[in-house]
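Take a look at the letters that make up each chain.
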Amino acid sequence: MTHEYPFYLAGQWEKSAHPLAVTNPYNDSPVAATWLAGESEIERATVAAVEAAPIMRHLPLYRRAEILAQASAVLTRRRDEIGRALASEAGKPIRDALTEVDRAATTFHVASEEARRLGGEVIPLDLAPHGQGRIAILRRFPLGPVSGISPFNFPLNLSAHKIAPAVAAGNTMVLKPASKTPLSALFLAAALDEAGLPKGALSVLPMARELGDRLVTDDRFKLLTFTGSSPVGWAMKARAGKKKVVLEL
């Protein structure tokens, strides 16, 4: 029997009417079962991300840092389990899978440290006579809900590169992992859930590509972070409207 992994919707583990079989690409053997989110689940996740945005915005930096550090510790503790699942769903050697788990744990650890350094700047304005005696104060604020789309080849670490900085900066996120390798991102959700991330701040939803377009076009998301091919990435940027777009191509 294969393991079952519900998806993570705003702090809850749920199933849908659309099962998704995860197979090993090396030999097509069954690895696990999860579920595809539908329109209603995506809408609920988006609403939750919007509603949780003020909570994350006002979450103290030390709490963001603690949550990320604890999530890093969970990944390290579950290293072998996550490595085996990653090797199976991605068809990569266990050595490489374990290295990717270590990298993801490091990513969360570094994000924890960066959360403690999210300050501002005091800028002198007296480079010209009219600025004498004046200063400018720069402050940084969370953007709000972020949508993310991660690829199949390094599904754990590239998802970590999206989720960890978003949490460090005080944003909420809805992430679409690759349908061929969704388990890795669900392990990240489990680590953050155990670490005490506020409910609603994160959803990890496997979904059909057509439904994933909603993460691109929905203006409730203030930023889109996408890793994938150049043609798809530039096409998404063209449809993203006014939101900021971060592409890794």
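Look above for the structure.
How each quantity is defined
- Residues numbered from 1 in each chain as written.
- Predicted model: local features only at pLDDT ≥ 70, side-chain atom pairs only at ≥ 80, totals over all residues.
- Heavy atoms only, no water.
- Salt bridge = Lys/Arg side-chain N within 4 Å of Asp/Glu carboxyl O.
- Helix = DSSP H or I, 4+ residues; strand = E, 2+ residues; numbered from the N terminus.
- Buried < 20%, exposed > 50% of the residue type's maximum accessible area, 1.4 Å probe, protein only.
- Pairing = 2+ DSSP bridges.
- Patch = residues over 30% accessible without salt bridge, like charges linked within 9 Å, V, L, I, M, F, W, Y side chains within 5 Å.
- Areas by Shrake-Rupley, 256 points an atom, 1.4 Å probe, with all protein chains shown as cover.
- 1 Å grid on protein atoms, 1.4 Å probe; cavity = no way out; pocket = protein on both sides within 12 Å on 5 of 7 lines; lining within 4 Å.
- Points joined across faces, edges and corners; volume = space filled by probe spheres on them.
- Expected span 1.5 Å × (residues − 1).
- Contact = heavy atoms within 4.5 Å.

Applying the stated rule across the entire model yields 15 salt bridges. Here glutamate 66 ties to arginine 63 by a salt bridge, and the two come within 2.8 Å at their closest N and O atoms. Placement of both glutamate 66 and arginine 63 in helix 2 (residues 61-77) is noted, with a separation of three residues, approximately one turn of the helix. Judged by relative accessible area, arginine 63 falls into the partly exposed class, the value being 22%. One network of salt bridges, with partners in common, ties together Glu43, Arg214, Asp218 and Arg220.

Reading across the sheet, the three strands line up as 1-5-4 and stay open at both edges, with mixed pairing between neighbours. Lying at the two open borders of the sheet, with one neighbouring strand each, are strand 1 (3-4) and strand 4 (19-23). Pairing analysis gives two bridges linking strand 1 to strand 5 (residues 30-35), with the strands arranged parallel. Bridge pairing in strand 5 places histidine 3 opposite alanine 32.

On the surface, Val122, Ile135 and Ile137 cluster together into a nonpolar patch covering about 330 Å² of accessible area. By the element assignment, isoleucine 135 lies in strand 7 (residues 135-138).

Approximately 450 Å³ is the volume attributed to the largest pocket. In terms of lining, the largest pocket is formed by 19 residues, of which the most central are Ile149, Ser150, Lys176, Ala178 and Arg209. Among the secondary structure elements, those contributing two or more residues to the lining of the largest pocket are helix 7 (209-217), strand 11 (223-227) and helix 8 (230-239).

Keep in mind that most residues, glycine aside, have a negative phi and that most peptide bonds are trans. Positioned with a positive phi, alanine 10 is a non-glycine residue whose angle comes to about 55 degrees. For alanine 10, the location among the structural elements is in the loop between strand 2 (7-9) and strand 3 (12-14). When its relative accessible area of 14% is taken as the criterion, alanine 10 is described as buried.

Between its first and last C-alpha, helix 2 extends 24 Å over 17 residues, near the 24 Å set by a 1.5 Å rise per residue. Buried within helix 2 are the following residues: Arg64, Ala65, Ile67, Leu68, Ala71, Ser72, Val74 and Leu75. On the buried face of helix 2, the contacting elements are helix 1 (39-57), helix 3 (79-90), helix 4 (94-115), helix 5 (155-168) and helix 6 (183-195).

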